[in-house]
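The residues making up each chain are set out below.
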Amino acid sequence: MHNQVIGKPISRVDGRAKVTGKAKYAAEFTAPDLLHGVVVSSTITKGRITHIDTGDALALDGVVKVFTHQNRPKLAWFDMSYKDLDAPPGSPFRPLHNDRIKYNGQPVALVVAETFEQARYAASLVKIEYAQEPHETDLQHHLDTARKPASGLASLLKPPPPKARGNFDKAFTEAPVQLSTGYVHGFEHHNPMELFSSTVVYGKDGKLTIYDKTQGAPNSQFYVSQVFNIPFRDVRVVSPYVGGGFGSGLRPQYQLFLAVMAARELKQSVRVSLTRQQMFTFGHRPATVQHIDLGAQPDGTLDALRHAATAETSRFEDYIEVVVNWSGALYKAPNAQFDYNVVPLDQYTPLDMRAPGGVTGMSAIECAMDELSYKLGMDPLELRLKNYTEEDPNEKRPFSSKQLRACYQQAAERFGWTKRSPEPRSMREGHTLIGWGMATGVWDANQLPARAEAVLTVNGKLRVSSATADIGTGTYTIMTQIAADTLGLPLEDVLFRLGDTDMPLAPFQGGSLTAGTVGSAVKIVCEDLGKELLKLARKMPNSPFAKAKFDDVFFVEKQMRLKADPSVRIDLQTLVDQNGGRAIRTTATSMTNSLKQGKYTRYAHSAVFVEVQVDEDLGTVKVTRAVTAVAAGRILNPKTARSQIIGGMVWGISKALEEETVMDHRYGRFMNHNLAEYHVPVCADIHELDVLFVEEHDDVVNPLGVKGVGEIGIVGMPAAIANAIFHATGKRVHELPITLDKLM
Amino acid sequence: MKPFQYLRPTGVDAAVRDLTAQPDAAKFIAGGTNLIDLMKEHVEQPTTLVDINRLPLATVEELEDGGLRLGALVTNADTAYHPLVEQRYPLLSKAILAGASAQLRNMATNGGNLFQRTRCYYFYDTSMPCNKRHSGPSQGPAGCGALHGYNRIHAILGTESADGNVHCIATHPSDMCVALAALEAVVRVSGPQGERTIPIADFHRLPGDTPQHDNTLRPGELVTAIDLPANGFSHYNSYLKLRDRASYAFALVSVAAALELERSDASGDQISAARLAMGGVAHKPWRKTEAEALLVGQRPTPDVFGRAADALLDGAQGYGHNTFKIELAKRAIVRALSQAAKLEPTE
Amino acid sequence: MQTATLPTPVTQPRSAPPEPVGTGVRSFSLTINGAEYELNVAPWTTLLDALREYLDLTGTKKGCDHGQCGACTVLVDGKRINSCLTLAVMHEDHQITTIEGLADAQTGDLHPVQQAFIDHDAFQCGYCTPGQICSAVGMINEGRVKTDADIRELMSGNICRCGAYPHIVDAIRDVMQLNPTAQ
């Protein structure tokens, strides 16, 4: 009732820093006598380095050292030490570990010089000879080696495929309407705009301050501490601004290792930045092959559902993502079967990329449902509603909240879905075919524990901090809003800081969990601060708050007031003044209520409706308009949340129509490893995108009732586009991206 | 980037002298948009850069024969937006504006545009085999990686050398040059032997067995201007570019179509002159006067356009990933000609 | 180079070349945001690296270093260019404006495009933002925009991986006071 700013479209609090160029990213911090490192990447895919000649490089002016596996310092021996907090089961890649080449583009040397220009040129002079061995990189050619992935810690947030239910084989065989279909997706690379960089400032005492591009400063600190055997207190990782992540910053990348190694060896500050080409030499969204079988009654009731996916991984780690579970949770088919396998290949381990697994699996099931709708002669939306479930069929438990039905209704109405002519190729203007398609989106609403600190300064300003990240999500802004509302302060009196391991621990930013996770910590720590303020108030002579409990007061307009009589009030400044000239400081941890949360499946949902124009002769596709309705609990800031959803929709357009890293499997090398040939949308590709937030109340997911919106925007989009293209053209394309040649 | 000597002459003769002093290792630099890109990739490794930006070649002048002279140093943006170009050579404006980005067009010059090198992935990656890049071991292995590799963006025409072999399937990436080919522009150059002119059709070359040579320029020659003939086909023209996204991408296929139509009788128009050139399909802008001849004297109909397309694409050969380009090119030609004839709207 | 690369000698300066600049570090000055900066850099230093690595003007971003993303967009004599594809030494006579020079130096008031980007939430991570804003300012100077479609096409040299495009168009339309329904 006293909310001032939560739920309001507040402009980003970090906006001014970002539009003036003052926001500093990892490569933009500097230090006296900073050295520059440039990475040399392997040009073969598998084999051994037989010879390295660094003579020409070292002979150049300004070149300080060339690090290779032959002269690197002794480091931690055990695999375990290289496991960062997001490492999948296996043996993590260790840069410059030995002469083995495990994938194409692997870092094989680091050239360190006084200037960037010297290091860049010297790197081109490092001569390396290899003994090549045959490699395997093509998922489609090695499907016969698919196997179950190893399980490990990562399984906590990534459950295995659901158990089979009913008797799929029998139900499918007997189903009057059957559909068997398959979908193939290629590699994708995150390509945040900021190049991966680490600036390692070497302190006089040997302590390191590391400006790293990461979605979790604590993970980088943990990794450096383990690998280099340095106490946590001697490694500070700072990351106030992150130029996009999309998952790429969930694991420390090799430039961090190389920069720290060089700084420690040379006892001097070092920066290592990767090139755009090198941005294609670590984690990526895995290539996948999926099969779906659906058996239905003529009225659309699903009897049988099978969803199987095979994805590539590296030889050294079993990366997994949740691909097939979503179909089982979304549709109540009583007979269902799920399977997920991996094929180890000679490439780097895949890495979570915006809605990992979710957008992959949902693209398949939502296209399959569309295919089925045409077989049935049924409206695609009606088919979804026919199989709508109020209970999670995978886990046989209720949803904490599920306003998906309202999403369907509101988005369909906004889009004008009822005016759709159901026949494919039935809507056109000249040689432009028009198609309308729809799909569903689902994503997790997880909460993890997090810590935060709150300080009310002697001037009555609130400083809140937590070692979380803001990769463009709006974390700075929504945390400021939460803190401001909790203690009744105006936004300008609140400063929220993040991205520093000197701050209280928070999980990395990923999985759409920051709003609920860190938001809860911020709320709790501000409440704790409020309790301290109440204690001070109670101690004051003749205090009208003497008998008040925390539940009896509220905070508004820089004051604490009694709920029972709001005219009883005291300025927060007056209370700080009672603290003996000292700031008031509290630290708190938000825990998850596993007992309560475990009884529910917690998902955000979306419904997406898309219009495309396809040139009948030339195959060009334009997404002319799209409407996404999202049910994601409480929306803390509709302005930044809308941006997140729109960003996800743009990603959906990209995945559906443009984005794919193409490998020449003869060489095991990605060929379009640059932003000219790895196509992501430009401004001219993006037309009308509309976002609706559907009201949804949820007191299970976390104390704020918020579900996070970083990923739900992309999940349904590719299928909706592919379905619209089918409606326009009558062509069902089973391989993404849908480029013009596939529609000619 | 390999270190180089940087020179900054102020006159054409001095520039030519500077370049000729080390012809194998020196390069002119104007806008730099492609050269610096390739120097960072170590595909180009000049030991001397001759900065020609202070040469007096940055004007657009009307010629006595009614044509227009575009100075080599006029930027692509200033050319595309020049009132005389917009009015008399709209095809050229459209082609330039279909290429690159506004920033790059502000940097890139008319002279430099002629020297754009291919976007072939294998050419750009010095660890991959490439006959076009190959001129010594420092620039990677020989061979054509694209021929049996990932060749979605590659050539379908003019790839065979005289011995029947294919040494290179790279394409020329320029949009501007496709329009220049259709307009029959003439390239003016200055060199150690003085000045000469080269018809645009003879400026770029097919790969043959020496794909490392993109053009027919002689050592030390500097492009000073591009002359446009008087006829700019300003009423009936179209530049159609097909690519993997709506902007800021190289052409899979592009078509410059230009027509003159005459009222033949009460029932309609007849084509009295035609020009047709394609980008993204060959080592140079692809034009065949035989295809244009099939249009002249005909009524502008899709059938007629289709016959011209077949003639222009005669001998087209796909290499796997790029085979779709043959059919795409045919449809693009028909569409572009239809747009030029105003039978179809342009986007 | 990872084949049988031969050592590549650094070129020796020629004797008495016209206007010699040579291969070594060269001293020159650049005019950036109205101020003169002295630089001592090799000629193969790009304008982008000169700004970021030598002058601590890190507002201009490096996103690809190959003219494929637009993050490095600056204004040279009022025209937008990619600073990664040009050499610093080529700009001795030019007026360079970077993101740091757009706001009013005296009052601190933001340039209207900067303010509109905040108001319309036309960015998320902020990394492409300086380039987007410089590009928008350059585009407005060019005077070729009449419709939303023009904005979209002429802003396509700036990639935003966060996907803020609709809001970028909103912000620029607002500054230019265009009619949102104009097509």
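Residues numbered from 1 in each chain as written. Chains lettered and ligands numbered in written order. Predicted model: local features only at pLDDT ≥ 70, side-chain atom pairs only at ≥ 80, totals over all residues. Heavy atoms only, no water.

S.K.: Hey, could you go over the interface of chain A and chain C for me, with residue numbers and the actual values?
M.R.: Each partner contributes residues to the interface: chain A has 72 residues there, and chain C has 54 residues. Interface area lost by chain A to chain C is led by Val-19, Met-193 and Cys-683 of chain A, which between them contribute 16%. Across the contact surface, chain A and chain C share six salt bridges. Linking chain A to chain C there are 29 residue pairs in polar contact (both at pLDDT 80 or more). Put simply, the parts of the chain that give the side of chain A that touches chain C at least two residues each are helix H1 (15-20), strand S1 (35-41), helix H3 (116-123), strand S6 (127-132) and helix H15 (638-657) of chain A. The element contributing the most residues to the side of chain A that touches chain C is H15 of chain A, with 10 residues. Partitioned by chemical class, the residues of the side of chain A that touches chain C number 33 nonpolar, 23 polar and 16 charged. (Contact = heavy atoms within 4.5 Å. Buried area = accessible area lost by both parts, 1.4 Å probe. Salt bridge = Lys/Arg side-chain N within 4 Å of Asp/Glu carboxyl O. Polar contact = N/O pair within 3.5 Å; in protein donor to acceptor, adjacent residues only side chain to side chain. Helix = DSSP H or I, 4+ residues; strand = E, 2+ residues; numbered from the N terminus. Nonpolar A, V, L, I, M, F, W, Y, C, P; charged D, E, K, R; others polar.)

S.K.: Lay out the interface of chain A and chain B in plain terms, naming residues and giving numbers.
M.R.: Contacts between the two partners involve 33 residues from chain A and, on the opposite side, 38 residues from chain B. The contact between chain A and chain B buries some 3,000 Å² in all, and 60% of this surface belongs to carbon and sulfur atoms. The largest per-residue losses of area from chain A upon contact with chain B belong to Leu-618, Met-671 and Met-744 of chain A, which jointly make up 19% of the total buried on that side. Linking chain A to chain B there are five salt bridges. Among the salt bridges present, the one from Arg-335 of chain B reaches Asp-615 of chain A, with a minimum N-O distance of 2.6 Å. Linking chain A with chain B are 13 residue pairs in polar contact (both at pLDDT 80 or more), by the criterion used here. Of the residues assigned to the side of chain A that touches chain B, the class counts are 12 nonpolar, nine polar and 12 charged.

S.K.: A description of the sheet that holds strand S5 (residues 107-113) of chain A should follow, citing residues and the corresponding values.
M.R.: Residues and elements named next belong to chain A. Here we have seven strands laid out as an open sheet, ordered S3-S5-S1-S11-S8-S9-S10, and mixed in their pairing. If you trace the sheet from one side to the other, it starts and ends with strand S3 (63-67) and strand S10 (235-238), each paired once. Strand-to-strand, the axes of this sheet are offset by a mean angle of 20°, without reference to chain direction. Pairing analysis gives five bridges linking strand S8 (residues 197-202) to strand S9 (residues 208-212), with the strands arranged antiparallel. Bridging from a neighbouring strand, Ser-198 pairs with Asp-212 of S9. In the packing of H3 onto the sheet, contacts are made with S1, S3 and S5, and the angle to S1 comes to roughly 20°. Contacts between helix H5 (residues 217-228) and the sheet are confined to S9 and S10, with S10 contributing the most and set at about 150° to the helix. (Pairing = 2+ DSSP bridges. Axes fitted to C-alpha atoms, helices over the stretch in contact; angles between N-to-C directions.)

S.K.: I'd like to hear about the environment of Phe-693 of chain A, residue by residue, with values.
M.R.: All names here are of chain A. Within the element layout of this structure, Phe-693 appears in strand S30 (residues 688-693). The sequence separation of Phe-693 and Ser-606 amounts to 87 residues, and the corresponding C-alpha distance is 9.2 Å. If we skip the residues at most four places from it in the chain, Phe-693 touches Val-630, Ile-635, Pro-638, Ala-641, Arg-642 and Ile-645.

S.K.: Before we move on, could you go through unusual backbone geometry and cite the residues and values that matter?
M.R.: Apart from glycine, the bulk of residues carry a negative phi angle, and the bulk of peptide bonds sit in the trans form. For the bond running from Leu-736 of chain A to Pro-737 of chain A, omega is -5°, close enough to zero to count as cis. Tracing the backbone shows Pro-737 of chain A in the segment after strand S31 (735-736). Backbone geometry places Glu-184 of chain B, a non-glycine residue, at a positive phi of 55°. Structurally, Glu-184 of chain B is set in the loop between helix H9 (176-183) and strand S6 (186-191). Classification of Glu-184 of chain B as partly exposed rests on a relative accessible area of 32%. (Buried < 20%, exposed > 50% of the residue type's maximum accessible area, 1.4 Å probe, protein only.)

S.K.: A description of the domain arrangement of chain A should follow, citing residues and the corresponding values.
M.R.: All names here are of chain A. Entries for chain A in the domain assignment read domain 1 (26-134 + 192-275), domain 2 (143-188 + 284-446 + 598-742) and domain 3 (448-591). On a C-alpha basis, the centres of domain 1 and domain 2 stand 36 Å from each other. Contacts between domain 1 and domain 2 engage 22 residues on the former and 21 residues on the latter. Here domain 1 meets domain 2 over a buried area of about 1,800 Å², counting both sides, of which 58% is carbon and sulfur. (Domains from an automatic or database assignment.)

S.K.: I'd like a description of H3 of chain A, backed by residues and values.
M.R.: With respect to burial, H3 of chain A is a largely interior element, seven of its eight residues being buried. Taken together, the buried positions of H3 of chain A are occupied by Phe-116, Glu-117, Ala-119, Arg-120, Tyr-121, Ala-122 and Ala-123 of chain A. Along its buried surface, H3 of chain A packs onto S1, helix H2 (55-58), S3 and S5 of chain A, helix H2 (35-40) of chain B together with helix H1 (47-54) of chain C.

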